[in-house]
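Structure assessment
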Amino acid sequence: MTAPGQALAAAHRQCRGETRSRSAQPEIDADDAGLHGAVLHAFCDVQWRQIPIHILLVGALVWVASALYPTEAGGPLTALLAGLLVIEALACWRVARRDLRAREVTYWRRIFLGVCLAQAGCWLVLLSLLVQPPGIAGTGSFSLGAALVLSLIASASAMPKALLPGAARAGIVPLLPIPLMVIGASSTTQEAALAVLTLAGQLLLLVASGRLERAAAAAAKSEAAIAASHAALGLARNAADRAARRAERAELSKSMFLASVSHELRTPLNAILGFSEVMKNEVFGSHSSPSYREYSSDIHGSGQRLLALVNEILDLARLEEGNYPIEEAEFRLGEVARSEIERIATAASAKGIAVLMRADDDLPPIRADRRALGQMTMHLLSNALKFSPSGGRIEVRCGWTARGGQYLSISDEGPGIPEEEIQAVLSSFGRGARAHATATPGVGIGLSIVSRFAELHGGRLVLRRAQRQGLEAAFTIPASRVVATPRAGADARPNAA
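To start, this report covers the structure provided alongside it. (Residues numbered from 1 in each chain as written. Predicted model: local features only at pLDDT ≥ 70, side-chain atom pairs only at ≥ 80, totals over all residues. Heavy atoms only, no water.)

Concerning the packing of aromatic side chains
Throughout the structure, instances matching the rule amount to 2 aromatic pairs. Judged by centre distance (5.4 Å) and plane angle (75°), the ring pair of Tyr107 and Trp108 falls under edge-to-face. A relative accessible area of 8% means that Trp108 is categorised as buried. Between Trp108 and Phe112, the ring centres sit 6.2 Å apart and the planes meet at 35°, which makes this aromatic pair tilted. Linking Trp108 with Phe112, this pair stays in helix H5 (residues 102-130), spanning 4 residues, or about one helical turn. Judged by its relative accessible area of 1%, Phe112 falls in the buried class. Three or more aromatic residues link up through ring pairs in this structure, and these residues are Tyr107, Trp108 and Phe112. (Phe/Tyr/Trp six-rings, centres within 6.5 Å; stacked < 30°, edge-to-face > 60°. Buried < 20%, exposed > 50% of the residue type's maximum accessible area, 1.4 Å probe, protein only. Helix = DSSP H or I, 4+ residues; strand = E, 2+ residues; numbered from the N terminus.)

Here we look at the pattern of salt bridges
Oppositely charged side chains can pair when the atoms bearing their charge come close. Considering all chains together, one arrives at 7 salt bridges under this definition. Between Glu395 and Arg358 there is a salt bridge, with its nearest N and O atoms 3.3 Å apart. Linking Glu395 in strand S4 (residues 393-401) with Arg358 in strand S2 (residues 354-359), this pair joins segments that are 37 residues apart in sequence. On the basis of relative accessible area, Glu395 is assigned to the buried category, the value being 7%. Of the charged contacts in the structure, one is a salt bridge between Arg397 and Glu395, with a shortest N-O distance of 3.8 Å. The same class applies to Arg397 as to Glu395, namely buried. (Salt bridge = Lys/Arg side-chain N within 4 Å of Asp/Glu carboxyl O.)

Let's talk about a nonpolar patch on the surface
On the surface, Leu180, Ile183 and Val196 cluster together into a nonpolar patch covering about 250 Å² of accessible area. Its location among the elements puts Leu180 in helix H8 (residues 177-185). (Patch = residues over 30% accessible without salt bridge, like charges linked within 9 Å, V, L, I, M, F, W, Y side chains within 5 Å. Areas by Shrake-Rupley, 256 points an atom, 1.4 Å probe, with all protein chains shown as cover.)

Observations regarding a positive patch on the surface
On the surface, a cluster of positive charge is made up of Arg242, Arg245, Arg246 and Arg249. In this fold, Arg246 is placed in helix H9 (residues 189-280). Residue Arg246 is classed as partly exposed on the basis of its relative accessible area, which comes to 48%. (Lys, Arg positive; Asp, Glu negative; His and termini not counted. Charge placed at Lys NZ, Arg CZ, Asp CG, Glu CD.)

Regarding helix H16 (residues 446-456)
Burial runs high along H16: 8 of the 11 residues are buried. Looking only at H16, the buried set comprises Gly446, Leu447, Ser448, Ile449, Val450, Ser451, Phe453 and Ala454. Backbone geometry just after H16 places Gly458 at a positive phi near 90°.

A few points about the side chain of Ser276
By the secondary structure assignment, Ser276 is in helix H9. Each residue touching Ser276, except ones within four places of it in the same chain, is listed here: Ser296, Ile299 and His300. (Contact = heavy atoms within 4.5 Å.)

Considerations on the environment of Ser451
Of note, Ser451 is situated in helix H16. When the C-alpha atoms of Ser451 and Phe475 are compared, they prove to be 7.9 Å apart, with 24 residues separating the residues in sequence. Excluding anything up to four places from it in sequence, Ser451 contacts Leu426 and Leu461.

Below is the structure:
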């Protein structure tokens, strides 16, 4: 048997493909057919489970009919009621086995409401035969009591039909005259009081059926909303998965392209560097014009810068692919910083920028990739030198972190990076608005390489505003890479951990 949720989804699929007839308009709109179809399936499910109760009711009615009813009236009506119960059971069995279209939902609702009303009519006629005026044969307290009990049981058996709008009322309202007839036919106060109590019970069942009907409708609507939400979430999840897969493929293709192009560029660049160096040094004789020597030097310098850029792109591609090998060695972080400061000393002097270094004297060696840390330091120094104003100052510091690791911090007096642009500048080929506005040279991979190298070593890159003005960039090395533990009372930087 189809569950209500499956019926709802199937009904929606069927109803949206239906073409509305020009001659007849369905009573239920195609957009609501799924909801009404689910309600109808739930009604059939409940009614199918009530078959044993119906069999007991018919059996009790046959017994009462054989004892009290006139043969010419009670027998056919009892058979008709039993036939209606069989028709209802077969209809429930058929509806439960199929998905309904919009027109079929309206059709089966009318059939079930008609069957419920016909059953109530049969009960009314059969029970009214038990309520006879005094003096007529077969009339007595037992007959009136049986009519009241059977009317109350028949009304209670209609309660599960409240899942279908109007079905419970069709099964209860026609039975309300039975207690009134008993009151008119009763000869004692006890019989009248029992009839009043039966009428009150029927009215309570009628009120309860209305509430149950509204609750069933609300539950069906909630179920429809939940099913729609699940469908929307499923579509969104599938779309997100497809987008993530496309992004992964695009990222992998980009990394493979960069790695391939970088390898292809390094071969001709090495030739350009070799021949330009030969021409610059006049290995095979002096140039006829002094300008050729200058041109050779420019070619050699441009080739070196281009080769450095190609190597950085290759490193970035390998870092993004996750296959960059770490060549560990023991060295001091301060040594790396001093070596890289010497490399930019000439450029810093040309801009009138002072480069100061402060390092703890007791910093022990670390175990890491020296080339990677040198590249990280050079990128941070280059950025500081690039954005620092003439006559400014760059400060380099090395020390302990709060967790027993080490850090290298480089601060400048430039414009800094706004908080909302930090994620952009840390991404591959990302540049801040300041770099675009001033047309500062660069491709935007320096900070991304520093961040990935730091993560590869178990640390991280921290960007924040300097104490006075500008930007402070610091990368950390975890305590697991420090060869010796820090001494007690060492200077710690909690915010750089």
